[in-house]
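An overview of the molecular structure
Next come the chains, spelled out residue by residue.
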Amino acid sequence: HEQEGIDYARGGLPNADPYQLWALAELLDPSTGHLHELDLIILGHSALYLVELKAHPGRITGDSVDWWWYPPEGGRVYLEPPLKRINLKAKIFKGLLRRHMQYPANAPRVEGLVFLPAQKLKLDLAPQGRIGVVTRDGFRAAITQHDFHGAPAGWQGRRISLPVMRDVTKALHKMDIRPREAKMHAGSYELRRLLAEGEGYQDREAVHRHNNNIR
């Protein structure tokens, strides 16, 4: 489901400058040593977006404090609303981006978004829970027009120029952003996919390096 969301995002972007997309990256915050997972980094028409993918088919309810996911096969699963987490990453990202750009005064707006790409999704979030959340129907408008629930009224922003696009791209290469490929370990365990994340913690699937039956 995550890969489908990435493919949809790639296909939904205009094939023109300044649009750029980086998928499945990790950002090291040098001030804390914390490694932040970034699903999508997208340079849009007038802003740079950090996008958290939540590819959950079925039904999602809740507000800005609690989300509940009802999978198609039944049951109910609690989800921590991801906007607060992605906004924290956006704040850290913006500071590092300005530090590494040649002309930091031209740094674009950095916005956190939550993208729910599942095709069979019923979204029943309260208005406060919908802030910064986009589905397939609203993805292109969010990236090309900065049009999504909770976007600043009347803010359009200028199209990112080619020199600024190049400055941002070079800055990303200088920042400690890496593909999400390297294996992480804790003792005898290999840490795999991220299950949950919050301020100061991460829960991951773990597999014993010498006995795959131990998890």
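In case you missed it, the structure is sitting above this.
Let us look at the packing of aromatic side chains. Counted under the stated rule, the structure contains 4 aromatic pairs. With centroids separated by 6.1 Å and ring planes inclined at 35°, the aromatic side chains of Y8 and F115 adopt a geometry described as tilted. Remark: F115 occurs in strand β7 (residues 109-116) and Y8 occurs in helix α1 (residues 2-12); sequence separation between them is 107 residues. Among the residues examined, Y8 registers a relative accessible area of 29% and is labelled partly exposed. Note on F115: relative accessible area 0%, which makes it buried. Put simply, the rings of Y8, F115 and F139 pair up and form one aromatic cluster. When the ring centre of Y70 is taken as reference, the NZ or CZ atom of R59 above it lies at 5.2 Å. Just above the ring of W68 sits the side chain of R76; from NZ or CZ to the centre is 3.7 Å.

Here we take up the sheet that holds β7. Pairing within the open sheet is mixed, and its 6 strands lie in the order β9-β7-β3-β2-β1-β10. Taken across any chain shown, the strands that pair with only one partner, and hence form the sheet edges, are β9 (133-135) and β10 (177-179). Across the sheet, the mean angle separating the axes of adjacent strands is 45° when strand polarity is ignored. Where strand β1 (residues 20-29) and β10 come together, 3 bridges link them in antiparallel fashion. Each residue of the ladder has a partner; that of E26, found in β10, is R178. This element, helix α2 (residues 83-100), spans β1, β2 (34-43), β3 (47-53), β7 and β10 of the sheet and lies at about 150° to β7. Helix-sheet contacts for helix α3 (residues 136-145) involve β2, β3, β7 and β9, and the interaxial angle to β9 is about 120°.

So, about the packing of α2 against helix α4 (residues 162-174). Geometry of a packed helix pair, given as the angle between the helix axes and the separation of the axes. Contact pair α2 / α4: the axes reach a minimum separation of 9 Å and the direction vectors enclose 105°. Accordingly, the angle class assigned to the pair α2 and α4 is roughly perpendicular. Contacts between α2 and α4 involve F93, L97 and H100 on the former and, on the latter, V168, A171, L172 and K174.

What follows is about the pattern of salt bridges. Applying the stated criterion across every chain, the model contains 6 salt bridges. Between D7 and R10 there is a salt bridge, with its nearest N and O atoms 3.9 Å apart. Taken together, the residues D7 and R10, both in helix α1 and 3 residues apart, mark about one turn of the helix. Look at D7 and you get partly exposed, because its relative accessible area is 44%. According to the relative accessible area criterion, R10 is partly exposed, its value standing at 46%. In this structure, R109 engages E111 in a salt bridge whose closest nitrogen and oxygen atoms are separated by 2.7 Å.

What follows is about unusual backbone geometry. Geometrically, the link from D17 to P18 is a cis peptide bond, its omega value of 10° lying close to zero. Mapping P18 onto the fold places it in the loop between α1 and β1. In this model, L24 sits at a positive phi of 50°, which is unusual for a non-glycine residue. Positive phi is not limited to glycine here, since H146 has a value of about 55°. By secondary structure assignment, the location of H146 is in the loop between α3 and α4.

Criteria and thresholds
Residues numbered from 1 in each chain as written. Predicted model: local features only at pLDDT ≥ 70, side-chain atom pairs only at ≥ 80, totals over all residues. Heavy atoms only, no water. Phe/Tyr/Trp six-rings, centres within 6.5 Å; stacked < 30°, edge-to-face > 60°. Helix = DSSP H or I, 4+ residues; strand = E, 2+ residues; numbered from the N terminus. Buried < 20%, exposed > 50% of the residue type's maximum accessible area, 1.4 Å probe, protein only. Lys NZ or Arg CZ within 6 Å of the ring centre and 35° of its normal. Pairing = 2+ DSSP bridges. Axes fitted to C-alpha atoms, helices over the stretch in contact; angles between N-to-C directions. Contact = heavy atoms within 4.5 Å. Parallel < 35°, antiparallel > 145°, perpendicular 65-115°, else oblique. Salt bridge = Lys/Arg side-chain N within 4 Å of Asp/Glu carboxyl O.

Limitation: the analysis is restricted to geometry and does not speak to function.
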